[in-house]
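Next come the chains, spelled out residue by residue.
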Amino acid sequence: MEFEAHAPSSPPPSYSYSLSGVVLDPPIHPRPPTPPPPPPPPFLRIDPSSGVLVPPPQPFPFNLSLIFSMDHQRSMSLLQFMADEGLVPSVEEEERRKNAIQKLKQIVSTWIKQVAVQRRLPKHQIAATSATVLTYGSYGLGVSASLLSSFPCIFEFTGISLFNLLTSLESLFFLFNTRDVQVHSADSDIDALCVAPYFATLSEDFFVVLHDMLKSRPEVSELYCVKSAKVPLMRFKFDGISIDLPYACLKVLYVPESVDILHPFFLRNIDDTSWKSLSGVRANKRILQLVPNVENFQAMVRCLKLWAKRRGVYGTLHGYLGGVHLAILAAYVCQRHPDASINALIMNFFRTFAFWSWPSPVTLQEGMFLKQLESMEMRSFMPILLPSSPCEFCHSNITKSTFYRIRTEFVRGYNMTRDLLKPGFTWDNIFELFPYSRRYSKFVKIYLSTTNQCELGDWVGWVKSRFRSLLIILEGIQGFCDPNPTEYTDPDKSEPNMVFYWGLQSGRNNYLDIELVEGEFMKVIRNGCEGTPGRLELHLLSPSQLPKNAQFDDRSIIINNKGRKACWKMVGCDKKRSQVYPQHHIQHCLVGHVSSNGEGECLSSSG
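Residues numbered from 1 in each chain as written. Predicted model: local features only at pLDDT ≥ 70, side-chain atom pairs only at ≥ 80, totals over all residues. Heavy atoms only, no water.

## A word on the overall build of the chain
Secondary structure assignment for the chain yields 19 helices and 17 strands. Counting across all 607 residues of the chain, residues that qualify as buried make up 51%. Considering only contacts within the chain whose residues lie at least 6 apart along the sequence, 76% involve residues at least 24 apart. In the structure as shown, the chain presents an accessible area of about 28400 Å², 55% of it carried by carbon and sulfur atoms. (Helix = DSSP H or I, 4+ residues; strand = E, 2+ residues; numbered from the N terminus. Buried < 20%, exposed > 50% of the residue type's maximum accessible area, 1.4 Å probe, protein only. Contact = heavy atoms within 4.5 Å. Areas by Shrake-Rupley, 256 points an atom, 1.4 Å probe, with all protein chains shown as cover.)

## Points about the sheet that holds strand β14 (residues 497–504)
In space, the four strands of this open sheet follow the order β13-β14-β12-β15, with antiparallel pairing throughout. The sheet is open, and its two borders are formed by β13 (481–483) and β15 (535–541), each paired with just one other strand. This sheet shows a mean twist of 25° between the axes of neighbouring strands, independent of strand direction. Relative to β14, strand β12 (residues 442–449) runs antiparallel, the two being bridged by eight bridges. Along β14, the bridge assignment pairs Lys442 with Leu504. Its contacts with the sheet place helix α16 (residues 453–464) against β12, β14 and β15, and it is angled at close to 140° to β12. (Pairing = 2+ DSSP bridges. Axes fitted to C-alpha atoms, helices over the stretch in contact; angles between N-to-C directions.)

## Some words on unusual backbone geometry
With an omega dihedral of 10°, the bond running from Trp358 to Pro359 counts as a cis peptide bond. Position of Pro359 among the secondary structure elements: in the loop between α11 (342–354) and α12 (375–378). Positive phi values are uncommon outside glycine, yet Arg120 reaches one of about 60°. Note that Arg120 resides in the loop between α2 (91–118) and α3 (123–128). Within the chain, Asp239 stands out as a residue other than glycine whose phi angle is a positive 55°. Along the polypeptide, Asp239 turns up in the loop between β10 (233–238) and β11 (241–249).

## Some thoughts on the nonpolar core
If you look at the biggest cluster of nonpolar residues, it comprises 58 residues, and the most contacted ones within it are Met300, Phe349, Phe353 and Phe410. Contributions of two or more residues to this core are made by α1 (64–84), α8 (272–290), α9 (294–310), α10 (323–336), α11, α13 (400–417) and α14 (427–430). With sequence-adjacent residues up to four places away left out, Phe353 is seen in contact with Leu329, Tyr332, Val333, Trp358, Val362 and Phe410. In this structure, Ala100, Ala116, Ala131 and Leu210 belong to the second largest nonpolar core, which totals 37 residues. (Core = buried A, V, L, I, M, F, W, Y, C linked by side-chain atoms within 4.5 Å.)

## Things to note about α2
Compared with an ideal rise of 1.5 Å per residue, which puts 28 residues at 40 Å, α2 spans 41 Å between its outermost C-alpha atoms and is within 8% of the ideal. Residue Arg120 follows α2 closely and has a positive phi angle near 60°. (Expected span 1.5 Å × (residues − 1).)

## Topic: helix α17 (residues 467–478)
Along its 12 residues, α17 runs 16 Å from first to last C-alpha, staying within 8% of the 16 Å computed at 1.5 Å per residue. Within α17 the residues assigned to the buried category are Phe467, Arg468, Ser469, Leu470, Leu471, Ile472, Leu474, Glu475 and Gln478. Note on α17: the residue one or two positions beyond its end, Gly479, has a positive phi of about 95°.

## Overview of the pairing of strand β8 (residues 190–196)
With seven of seven residues buried, β8 lies mostly within the body of the structure. Side-chain alternation along β8 places Ile190, Ala192, Cys194 and Ala196 on one buried face and Asp191, Leu193 and Val195 on a second face that is also buried. Strand direction decides the pairing type here: strand β5 (residues 132–136) and β8, joined by five bridges, are antiparallel. Across the sheet, Tyr136 pairs through a bridge with Asp191, a residue of β8. As paired strands, β8 and β11 are joined by five bridges and run parallel to one another. Opposite Val195, over in β11, you have Ala248 as the bridge partner.

## Some details on the packing of aromatic side chains
By the definition in use, this model includes 31 aromatic pairs. Between Tyr198 and Phe199 the ring centres are 5.4 Å apart and the planes differ by 90°, which places this aromatic pair in the edge-to-face class. Given the relative accessible area of 41%, Tyr198 is considered partly exposed. Members of the aromatic cluster, each reached through a chain of ring pairs, are Trp307, Tyr332, Phe349, Phe350, Phe353, Trp356, Trp358 and Phe410. The ring of Tyr314 has Lys309 sitting right over it, with the charged end atom 5.4 Å from the ring centre. One residue, Arg336, lies across the ring of Tyr332, its end atom 3.5 Å from the ring centre. (Phe/Tyr/Trp six-rings, centres within 6.5 Å; stacked < 30°, edge-to-face > 60°. Lys NZ or Arg CZ within 6 Å of the ring centre and 35° of its normal.)

## Points about the packing of α1 against α9
Relative orientation of the contacting elements α1 and α9 amounts to 65°, with a least axis distance of 12 Å. In the crossing of α1 with α9, the sense of the turn from one axis to the other is left-handed. Contacts between α1 and α9 involve Leu78, Phe81 and Met82 on the former and, on the latter, Arg302, Cys303, Leu306 and Arg310. (Left-handed = near helix turned anticlockwise from the far one by under 90°.)

## Things to note about the pairing of β14
Among the eight residues that make up β14, eight are buried, leaving the element largely enclosed by the rest of the structure. Of the two faces of β14, both are covered, the one formed by Asn497, Val499, Tyr501 and Gly503 as well as the one formed by Met498, Phe500, Trp502 and Leu504.

## Comments concerning the confidence of the model for the chain
For the chain, per-residue confidence averages 77 on the pLDDT scale, and 69% of positions sit at 70 or higher. For the stretch residues 143–186, pLDDT sits under 50, and the model shows 136 contacts to residues farther than four places along the chain or on other chains. Contacts of residues 374–378 to residues separated by more than four positions or lying in other chains number seven contacts, the stretch itself having pLDDT below 50. (pLDDT = per-residue confidence, 0-100.)

## Side note on the sheet that holds β11
Taken in spatial order, the five strands make up an open sheet running β5-β8-β11-β10-β9, and their pairing is mixed. Pairing within the sheet leaves two strands with one partner each, and these edge strands are β5 and β9 (220–226). Averaged over all neighbouring strand pairs, the angle between strand axes comes to 25°, with direction disregarded. Looking at chain direction, β10 and β11 are connected through six bridges and run antiparallel. Within β11, the position partnered with Phe238 by the bridge is Ile241. In this fold α8 packs onto β5, β8 and β11, with an angle of close to 120° to the strand it touches most, β11.

## Focus on the side chain of Arg282
By the element assignment, Arg282 lies in helix α8. In this structure, Arg282 is buried with no salt-bridge partner, the nearest side chain bearing the opposite charge being Glu392 at 4.7 Å. If we skip the residues at most four places from it in the chain, Arg282 touches Ile261, Leu262, Leu267, Trp275 and Ser388. (Lys, Arg positive; Asp, Glu negative; His and termini not counted. Salt bridge = Lys/Arg side-chain N within 4 Å of Asp/Glu carboxyl O.)

Take a look at the structure:
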């Protein structure tokens, strides 16, 4: 509710008093002054008991028929928006993905029999042994989803101001008819896990024998081994579909295709690498068990991933949210609003996390045992607990700058969706591209190149794994840095290259010695990197110096960069690269406000 004071446009009308038919002049004493209008309610308030920002309570009249009608209309418009954006893969595309996974399972089945023969296992064990492939990530969550379909609603429109309606009407939002979709989009890659019995080794059988089998297949291309990552894996394309394939070894002879990876029997005595590789599959399965309505949850994740990518807050290597983070946050909202429509879920998502008292952890299971938490994760800006383990957090590279950006986007989403009767509401505004070139006065250009195209993916992936160190260096000097995750190329350069543009905000120091920053970052990159590194250059640019292909407000940039995923390869076992992640976080204090157009603005980001 808004209050406005208007100056009178004309003098107050004259009036007279009548007594026994005689008209008398008005009394001589002056009129009492007009009381000032009541002050507008505070935009946000702090709950004194918890210290959490909450919207002020405001009683209002409402019409339930109108609420159902408006919620239905928004849900329908969101479905149409998703269809227009091409988020739903076609039937042919979905069938192609299923066929690729089925063929991969057949290759793995043949591979494990071959390894068993090489290990000279008894014939009855060779006949009984088996391995399988489990999918996770967006593809693993996308078994099937249901969204709101058409439902005739004709209600009488009456005026209403909606502020905290969902607090009192959470149980009144329902999903009507449904139709099937998938969580992953048409351009998404597939996260799959090769699960094998005890006698198959990672270094020899997986990275050599299975690698050679895949390499000999005509369907496989762009095959790389990523051996030194936190979760070692092979990355390749199968029939043109990008697949990440890590490996896990169980202390069993037979791995059934429908193995219950949450059962303690299969997790006994496994090595640390296998435990990390299994975490994604276990988290996916546990999330699907904990959400009350899987179909609503899957539809919600699809929307949130698009939102995060458009607003520039998606990508763990850049310090932003990853797929597992969004999945757990979405599941948290679904648990508390089991009957909500897709529109109501999105509204509640922004409302919940715009006012979340970070660093209080988000957990899907109340009363989880937090005694053995890692010290680094305890200092995390946005701790999110994996539901498959009582004391394991989602890996995060979030820094003070990216933390502020994420929270600002939560508040922006809340302000744009909180009023169900907001005139002129469109989902296009929620998913609008973040206007980097209008927000920042200067940019850091990160130029990466190699002498040939085959080495570029290796070099870019290695540098990106250390982007958090560069971000902390820039934060220490400038106080704030926004690492745009979008990848670009410099068409004026003949050599293979990849370019990133990070926004800088004027902070504690307006002078930035970019050569000094480049030298410090190169020290981090060379740490643990064997072999000849590629080329890295840092430059400072103003918005007017940005090339045409880096116009951040151009929607075609996002479309043209769909599906691009840098990686690094290992040529031989003797060349090892170990990832180094900073073990410290900078303490911070962020102050900001929300402008009238719903956009968050930073007042102080340097602490």
